[in-house]
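# Structural description and commentary
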Amino acid sequence: MFVYFATSQLQTPSLGWLIFKTLLILAVFGVVIFLFFKYGGKWLRFPYLQKHKRGKMEIKGVLPLQPRKTLFLVKVQNKNILIGASESKLSLLAKFDEEKTTFDKEGEF
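Residues numbered from 1 in each chain as written. Predicted model: local features only at pLDDT ≥ 70, side-chain atom pairs only at ≥ 80, totals over all residues. Heavy atoms only, no water.

## A word on the sheet that holds strand β3 (residues 79-85)
In plain terms, the rule: A pair of strands counts as paired when DSSP detects no fewer than two bridges linking them. Helix numbers and strand numbers start at the N terminus; a helix is a DSSP run of H or I with at least 4 residues, a strand a run of E with at least 2. Whenever a helix is involved, its axis is fitted only over the stretch in contact; in every case the axis is a line through C-alpha atoms, and angles between N-to-C directions fall within 0 to 180 degrees.
Here we have 4 strands laid out as an open sheet, ordered β1-β2-β3-β4, and antiparallel in their pairing. Looking along the sheet, the strands with just one partner apiece sit at the ends: β1 (57-66) and β4 (90-97). On average, each strand axis in the sheet is tilted by 20° relative to the strand beside it, whichever way the strands run.

## A word on the pattern of salt bridges
Rules: By convention in these notes, a salt bridge is any Lys or Arg side-chain nitrogen within 4 Å of a carboxyl oxygen on Asp or Glu. Buried, partly exposed and exposed residues are distinguished by accessible area as a fraction of the type maximum, computed with a 1.4 Å probe on protein chains only: under 20%, between the cut-offs, and over 50%, respectively.
In total, this model carries 2 salt bridges according to the counting rule given. Between Arg68 and Glu87 there is a salt bridge whose closest N-O contact spans 3.0 Å. With a gap of 19 residues between them, Arg68 in the loop between β1 and β2 (69-76) and Glu87 in the loop between β3 and β4 connect regions that are remote in the sequence. We note that Arg68, like Glu87, is exposed. The shortest N-O distance in the salt bridge between Lys79 and Asp97 comes to 3.1 Å. A residue pair is termed long-range when its members are at least 10 positions apart, and Lys79 in strand β3 and Asp97 in strand β4 qualify at 18 residues. For Lys79, a relative accessible area of 42% corresponds to the partly exposed category.

## Points about the pairing of β3
The element β3 is largely enclosed, with a buried count of 5 among its 7 residues. The pairing of β2 with β3 spans 7 bridges and is classified as antiparallel. Across the sheet, the residue bridging to Leu71 is Gly84, located in β3. Once β2 ends, the chain turns through 2 residues before running back antiparallel as β3, passing Gln77 with a positive phi of about 55°. Alignment of β3 against β4, held across 7 bridges, turns out to be antiparallel. Bridging from a neighbouring strand, Gly84 pairs with Ser91 of β4. The antiparallel pairing of β3 with β4 creates a hairpin that spans 4 residues between the two strands.

## Looking at the environment of Phe72
Keep this limit in mind: Should any heavy atoms of two residues lie within 4.5 Å, those residues are considered in contact.
Tracing the backbone shows Phe72 in strand β2. Spatially, the C-alpha atom of Phe72 lies 7.7 Å from that of Ala85, the residues being 13 residues apart in sequence. Every residue in contact with Phe72, bar those within four places of it in the chain, is listed here: Gly61, Val62, Ile81, Leu82, Ile83 and Ala85.

## Structural notes on the confidence of the model for the chain
When pLDDT is low, close inspection of the predicted coordinates is not appropriate. Defined as follows: Values of pLDDT, the confidence the predictor places in each residue, fall between 0 and 100.
Per-residue confidence for the chain averages 78 on the pLDDT scale, and 65% of its residues sit at or above 70. Per-element mean pLDDT across the chain ranges from 86 in helix α1 (residues 15-44) up to 91 in β3.

## A look at a nonpolar patch on the surface
Quick note on the threshold: Residues form patches when they are more than 30% accessible in relative terms and have no salt bridge. Like charges link within 9 Å. Nonpolar side chains (Val, Leu, Ile, Met, Phe, Trp, Tyr) link within 5 Å. In short, Shrake-Rupley with a 1.4 Å probe defines the accessible areas, and a residue's cover is counted only from the protein chains shown.
A surface patch of nonpolar side chains, about 490 Å² in accessible area, is lined by Leu15, Leu18, Ile19, Leu23 and Leu26. Checked against the element boundaries, Leu26 lands in helix α1.

Laid out in structure tokens, this is it:
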């Protein structure tokens, strides 16, 4: 904030002070934005700011085969499910029990 008195000499702040104030204001805005996105969804009830619980489903692995064809290994409750995905559909390829499914170090069955 500049305060000018009725003097003949104008005092301008140094460049270092201006840079410091600018960085301080940016840091304060950054913290406010972070806190808003971290906790604002709970207070304001914005659904896109709230974290969604996955429940008992977890993606164990993804293997792209071609540009638009992919294999997914998904764990649902105690079963591993192999799903094939393409542009137009999803296909259930196999189901495995978790205790019977073992992987070696290279990710093969």
